[in-house]
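Chain by chain, the residues:
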Amino acid sequence: MATKWGILSASKISHDFVLALETLSVEDHKVVAVAAKDKSRAKDFAVDFKIPTYYGSYEELGNDINVDVVYIGALNHQHYSLTKLMLESGKHVLCEKPFCINAKQLDELIKLSKTKQLFLMEAMWSRFTPAYQKVVEEVQNGTIGTVLHVQANFGRQMSNIERIWKKEVGGGSILDIGVYTLHLIDTILGPGKPVSIESKGTLNIHGTDENMSAILEYPEGKIAVISTHTKVVMDCSAYIHGTKGTIKIHEPFHASKEVTVNTTKFTFEQPDTRKPTLFPSSVQLRYEIDHVRHCLKKGLIESPVVTLNNSYTVQEIMDRLRNQIGVHFEDDYNTSS
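All figures in this text were calculated on a predicted structure; none of them were measured in a lab.

A word on the side chain of Glu-96. When you line up the elements, Glu-96 lands in strand β5 (residues 92-96). As a buried residue without a salt bridge, Glu-96 has its nearest oppositely charged side chain in Lys-97, at a separation of 5.5 Å. Polar side-chain contacts of Glu-96 include one of 2.4 Å to the side chain of Tyr-71. The residues touching Glu-96, leaving out its near neighbours within four places in the chain, are Ile-13, Tyr-71, Ile-72, Gly-73, His-79 and Ala-123.

Here is the structure:
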């Protein structure tokens with residue numbers, strides 16, 4: 001039986017998600033419904049991807065008994081409420097990054113998923129790509145010795161994009177792209193938490209962060225250095241330094257197809273999508289999609305690769321970074337969203 005997906009939001013990332021899904025076996029995955037607040041957008045999306053059912057409300061998607069699992073590709077500030085809605089409707093959920101605005105929201109969702117015994121995962125697709133799998137394998141095998149330093153930058157000229165600059169939608173570099181740097185660090189230096197975090201950043205006139213740089217200290221003298229920027233283009237490679245060598249994840253590190261381990265380069269070819277994706281290399285969303293199917297077949301309610309604890313740790317760090325540089329959202333003050 002194919003895993004039957006519902007797509008929540010006819011967004012750009014949802015577009016790429018379904019294109020990536022199309023590269024997998026139709027016997028394993030089937031998109032059965034899409035929902036958008038604007039029904040005409042849902043209809044256009046459904047026609048484009050030959051999806052049999054479309055809705056003009058998210059509640060209808062939650063009530064569709066034909067849907068096994070819902071992918072949430074909505075804007076950041078909606079992740080909490082829509083994930084909660086889908087879990088309360090009895091659906092398994094794969095929610096786009098960042099999981100929530102803050103750790104308080106995520107804690108509530110984790111408790112709800114466990115009460116309902118429903119699968120819940122943050123769509124941190126990087127952690128499932130062949131490049132990341134190779135990195136984890138080499139680190140675990142001791143190829144570069146004991147890892148003592150991780151460096152990751154993510155900088156693009158995107159400060160004019162509404163989802164980045166607008167406070168009301170959960171904008172800012174930390175939540176949008178910093179989440180990738182932190183998940184990489186958690187992959188390599190986690191699952192423990194940093195013992196100290198020092199950060200600096202610049203806010204725009206709306207009070208969201210245009211950039212952020214941080215040093216995170218982990219136990220045993222391990223250090224991570226990250227930078228995010230929405231006004232300059234940075235070298236978006238990542239470097240993992242150990243006592244016996246270095247691993248480079250070629251840019252963009254979060255969607256890389258190339259990894260160099262000391263002097264040996266590994267390249268991971270990807271299948272072509274039916275038409276071009278809107279974001280670079282997002283055909284690699286296919287790996288997290290297949291992972292969700294495997295988890296559901298095993299009856300798991302969380303991923304063993306991107307655990308709820310992994311996501312919670314990253315969310316907590318983002319809270320601390322935002323607090324240090326002065327980025328506060330309305331949801332940070334609400335006792336219940």
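Having seen it, we continue.
This next bit is on the pattern of salt bridges. In this structure the tally under the stated criterion is 18 salt bridges. The partner of Arg-293 in a salt bridge is Asp-28, with the nearest N and O atoms 3.4 Å apart. With a gap of 265 residues between them, Arg-293 in helix α9 (residues 285-297) and Asp-28 in the loop between α1 (12-21) and β2 (29-35) connect regions that are remote in the sequence. When its relative accessible area of 8% is taken as the criterion, Arg-293 is described as buried. Residue classification places Asp-28 among the partly exposed residues on the basis of a relative accessible area of 25%. Note that Asp-319 is salt-bridged to Arg-322, the shortest N-O span being 3.4 Å. Here the residue Asp-319 and the residue Arg-322 both occupy positions in helix α10 (residues 308-325), the gap between them amounting to three residues, near one helical turn.

Within the open sheet, the eight strands sit side by side as β8-β9-β10-β7-β11-β12-β13-β14. Their pairing is mixed. Two strands close off the open sheet at either side, each with one partner strand: β8 (196-203) and β14 (264-267). The mean angle between the axes of side-by-side strands here comes to 10 degrees, regardless of whether they run parallel or antiparallel. Across five bridges, the pairing between strand β7 (residues 147-155) and strand β11 (residues 238-242) is antiparallel. Within β11, the residue paired with His-149 across the bridge is His-241.

The next subject is the UniProt feature "domain: Gfo/Idh/MocA-like oxidoreductase N-terminal" (unreviewed entry) in the protein. In the numbering adopted here, UniProt assigns the feature "domain: Gfo/Idh/MocA-like oxidoreductase N-terminal" (unreviewed entry) to residues 13-121. Helix makes up 45% of residues 13-121 and strand makes up 19%, while its end C-alpha atoms are separated by 16 Å.

Take the domain arrangement of the protein next. By domain assignment, the protein separates into domain 1 (3-123) and domain 2 (129-269 + 307-332). Taken together, the contact between domain 1 and domain 2 spans 19 residues of the former and 20 residues of the latter. Summed over both partners, the interface of domain 1 with domain 2 comes to about 1700 Å²; 57% of that surface belongs to carbon and sulfur atoms. Asp-176 is the salt-bridge partner of Lys-97, the closest N and O atoms lying 3.9 Å from each other. Secondary structure elements with two or more residues in the side of domain 1 that touches domain 2: α5 (103-116) and β6 (120-123). Per element, the largest residue contribution to the side of domain 1 that touches domain 2 is eight residues, and it comes from α5.

The subject of this paragraph is unusual backbone geometry. Note the cis peptide between Lys-97 and Pro-98, where omega equals -15 degrees. Secondary-structure assignment places Pro-98 in the loop between β5 and α5. For the peptide bond that leads from Glu-251 to Pro-252, omega is -10 degrees, which places it in the cis range. Positionally, Pro-252 belongs in the loop between β12 (245-249) and β13 (258-261). Positive phi outside glycine occurs at Ser-9, with the angle close to 95 degrees. Tracing the chain through its elements places Ser-9 in the loop between β1 (3-8) and α1. A relative accessible area of 11% places Ser-9 in the buried class. Here Asn-262, not a glycine, exhibits a phi torsion of approximately 55 degrees, which is positive.

Definitions and limits used
- Residue positions within a chain follow its written sequence, with the count starting from 1.
- Since the coordinates come from a predicted model, pLDDT governs what is reported: local features require at least 70, and pairs of side-chain atoms require 80 or more to be given and counted, while whole-chain, interface and lining totals use all residues.
- As a convention, hydrogens and water are excluded, and side-chain values are obtained from all of the structure's heavy atoms.
- Think of it this way: any DSSP run of H or I at least four residues long counts as a helix, any run of E at least two long counts as a strand, and we number them from the N terminus.
- Relative accessibility thresholds used throughout: buried, under 20% of the residue-type maximum; exposed, over 50%; partly exposed, between the two (1.4 Å probe, protein chains only).
- Positive charges come from Lys and Arg alone, negative charges from Asp and Glu alone, with His and the N- and C-terminal ends not counted.
- Salt bridges are defined by distance alone: a side-chain nitrogen of Lys or Arg within 4 Å of a carboxyl oxygen of Asp or Glu.
- Definition of a polar contact: a pair of N or O atoms within 3.5 Å, with one able to donate and the other able to accept a hydrogen when the atoms are protein atoms, and with sequence-neighbouring residues admitted only if both atoms are side-chain atoms.
- Whether two residues touch is decided by their heavy atoms; if any such pair falls within 4.5 Å, the residues are in contact.
- When DSSP finds two or more bridges between a pair of strands, those strands are recorded as paired.
- Only the contacting stretch of a helix is used when fitting its axis, a line to C-alpha atoms as for every element, and angles between N-to-C directions run 0 to 180 degrees.
- UniProt positions are given in the numbering used here, feature names are shortened, and annotations may be inferred rather than shown by experiment.
- Residue ranges labeled as domains rest on an automatic or database domain assignment.
- Once two parts are joined, some of their accessible surface, as seen by a 1.4 Å probe, is lost; buried area is that loss totalled over both.

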